[in-house]
Each structure stands twice: as C-alpha cells, then as structure tokens.
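Per-entry structural report
Here's the letter readout for the chains.
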Amino acid sequence: MIQHRETFLNNVAEKLGRARRTTGVVRPNYRQKPQLDVMKDHTPDELVSVLKTQCVAIHTDFKETKRDGLEAVIDEVLREFEATSVITWDDPRFSEYGLSRFQAREEVDVWDAGRESQSVEIAERADIGITFADYTLAESGTVVLISDQGKGRSVSLLPTYYIAIIPKSTLVPRMTQATTAIHNMAKDGKRIPSCINFISGPSNSADIEMNLVVGVHGPIRACYILVDDM
C-alpha cells in the first residue's frame, strides 16, 4: 500500500506552479537512444571478453568452465581463498548445474527462509558465500541479484569472500538491458522483488585522499565463475 501519494504529488505540482497532470501523460520517444546502442551487436563471446577485462579493473578474480567442471572450479577457488565454511542460496539452479552433491557437504549451509535469523548468523560466520547471477552487466562487471524467498541478501554480503556463478546466458551489455527487463516485469504484472542488488566485485572505497582500499565493508575478495550454458 502506498501512503500519502496524492498529498505528495499535489505538493510537487504546487511547487512547480501548475495543476496535477493525471491523464494524457506519454513517455517521450527520443530520436537518439545511445543507451541502446552500446555493444548492441556484440556476440556472447565478445561480451565475455568485455566482462573478463572489466574484472581486472574491479579487482575480481575470473574463471571459466563448462557445467560439468563447475564443482571442481568452485573447489579450486575455495583452496585459493583458504575457505572452508560455505553458505549458498536455496536456488534450483544449484541442482540444475550439478551442485546438489556440493550443497550436501558437511561444511556447506544452504539459506533457510524459514529460519532466516539463523541463516544470517551462519552467513556472518561463513568464509564464503555463493550465489547465481540473474543478470550480468559486461560493461561494468556487475552481477544483478534478484532477491526471493530462498535467495537471502546476506549470502553475498556477510561472508569474508564471495563467488558469483554467472551463466553465460545471463550476460547483457550494460545496465540498460537489466533495468528494461525489470521494468517489463512490472509492466506484465509480475511480482517485483523487495530487493535487487547490483554487485561489482569486492567492496572498496577511495574516500580518503582518493586512495583505493579493497575489502572495506563486505566481502574482501570476489570471484566470478562464468559457466558456458549456451
């Protein structure tokens, strides 16, 4: 329920010195739409190359694999990060990508929406959190995570390290395509998630004298694992 909407909009119109416009409002159709032109002709492989290059700029490890090699690559990252305890989303894609056995390991916890506070505590203690990307922006090296019942936000935020599993099919050129897809969800009357996270590598800040510090207020290292699912 939206509260005080009419009062708010009437106040905005008053400050603009005009009456409220409640009908006849049409979205502008601009002749030039540069946001749609960037990398619009890139092939999936070319988008992978862009993403891989951008990962260097955002201090993010990058690995590629096929579906049948995904579990082995995850183990490789765990060794590199010296991580033992893991928490993952409760996401059917883990099963679809052959990771059911991985999730059944003793050292791996799966987000439990029915015991959310306990799952948050587990995420706080975990060495590494693992999620799938719903969309991946090649231009900025950003994974888009759409929250849902089994997709706790804490999994990508609280552990010391973070792994994003990126199906190649989720790759899009930039923010434009992801926001368009979300807009279409609303337009089609679908449920809009309470939270949509845009994550571009490990946390970092350059607030102090423009000196970049990586690993400030979230995972101190991140790894993207691109899976060829096409």
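Notes on the structure follow. (Residues numbered from 1 in each chain as written. Predicted model: local features only at pLDDT ≥ 70, side-chain atom pairs only at ≥ 80, totals over all residues. Heavy atoms only, no water.)

1. Details of the nonpolar core
Ranked by size, the top nonpolar core spans 48 residues in total, and within it L51, I74, V143, I163, I165, Y224 and I225 carry the most contacts. Those elements that place two or more of their residues in this core are α2 (44-57), α3 (70-81), β2 (86-88), α6 (116-125), β4 (128-132), β6 (142-146), β7 (161-167) and β12 (221-228). Among residues more than four places away in sequence, those in contact with I165 are L70, I74, F94, L99, I130, T131, F132, A133, I225 and V227. (Core = buried A, V, L, I, M, F, W, Y, C linked by side-chain atoms within 4.5 Å. Buried < 20%, exposed > 50% of the residue type's maximum accessible area, 1.4 Å probe, protein only. Helix = DSSP H or I, 4+ residues; strand = E, 2+ residues; numbered from the N terminus. Contact = heavy atoms within 4.5 Å.)

2. A look at the sheet that holds strand β1 (residues 61-66)
With parallel pairing, six strands are arranged side by side in an open sheet as β1-β12-β7-β4-β2-β3. Looking at which strands have only one partner, the edges of the open sheet turn out to be β1 and β3 (108-110). Each adjacent strand pair in this sheet contributes to an overall mean axis angle of 20°, direction not counted. Judged from the three bridges that link them, β2 and β4 form a sheet pairing that is parallel. (Pairing = 2+ DSSP bridges. Axes fitted to C-alpha atoms, helices over the stretch in contact; angles between N-to-C directions.)

3. Brief notes about the environment of Q118
Along the chain, the position of Q118 falls in helix α6. Judged by its relative accessible area of 35%, Q118 is partly exposed. Separated by 107 residues in sequence, Q118 and N11 place their C-alpha atoms 44 Å apart.

4. Let's talk about the packing of aromatic side chains
Scanning all chains against the criterion turns up three aromatic pairs. Taking 4.9 Å as the distance between ring centres and 40° as the angle between the ring planes, the aromatic pair formed by F81 and Y161 counts as tilted. Within this pair, whereas F81 is found in helix α3, its partner Y161 is found in strand β7, the two being separated by 80 residues in sequence. Between Y97 and F132, the aromatic rings sit 5.1 Å apart at their centres with planes inclined by 55°, giving tilted as the arrangement. Taken as a pair, Y97 in the loop between α4 (92-96) and α5 (100-103) and F132 in strand β4 lie far apart in primary sequence, 35 residues in all. Taken individually, Y97 and F132 each receive the classification buried, so the pair is uniform in this respect. Among the aromatic residues, those joined into a ring-pair cluster are F94, Y97 and F132. Above the ring of Y97, the side-chain terminus of R67 is found at 4.0 Å from the ring centroid. (Phe/Tyr/Trp six-rings, centres within 6.5 Å; stacked < 30°, edge-to-face > 60°. Lys NZ or Arg CZ within 6 Å of the ring centre and 35° of its normal.)

5. A short note on the environment of R125
When you line up the elements, R125 lands in helix α6. Overall, the relative accessible area of 59% leaves R125 in the exposed class. Along the primary structure R125 and V86 are separated by 39 residues, whereas in three dimensions their C-alpha atoms are 9.1 Å apart.

6. With respect to a nonpolar patch on the surface
On the surface, a cluster of nonpolar side chains totalling about 360 Å² of accessible area is made up of F8, L9, V12 and L16. When you line up the elements, F8 lands in helix α1 (residues 5-15). By relative accessible area, which is 54% here, F8 ends up exposed. (Patch = residues over 30% accessible without salt bridge, like charges linked within 9 Å, V, L, I, M, F, W, Y side chains within 5 Å. Areas by Shrake-Rupley, 256 points an atom, 1.4 Å probe, with all protein chains shown as cover. Salt bridge = Lys/Arg side-chain N within 4 Å of Asp/Glu carboxyl O.)

7. Regarding the pairing of β4
Counting buried positions over the five residues of β4 gives five, a clear majority of the element. With burial as the criterion, each face of β4 is covered, one bearing I128, I130 and F132 and the other bearing G129 and T131. Pairing of β4 with β7 involves five bridges; the strand directions are parallel. The partner of I128 across the bridge, within β7, is Y161.

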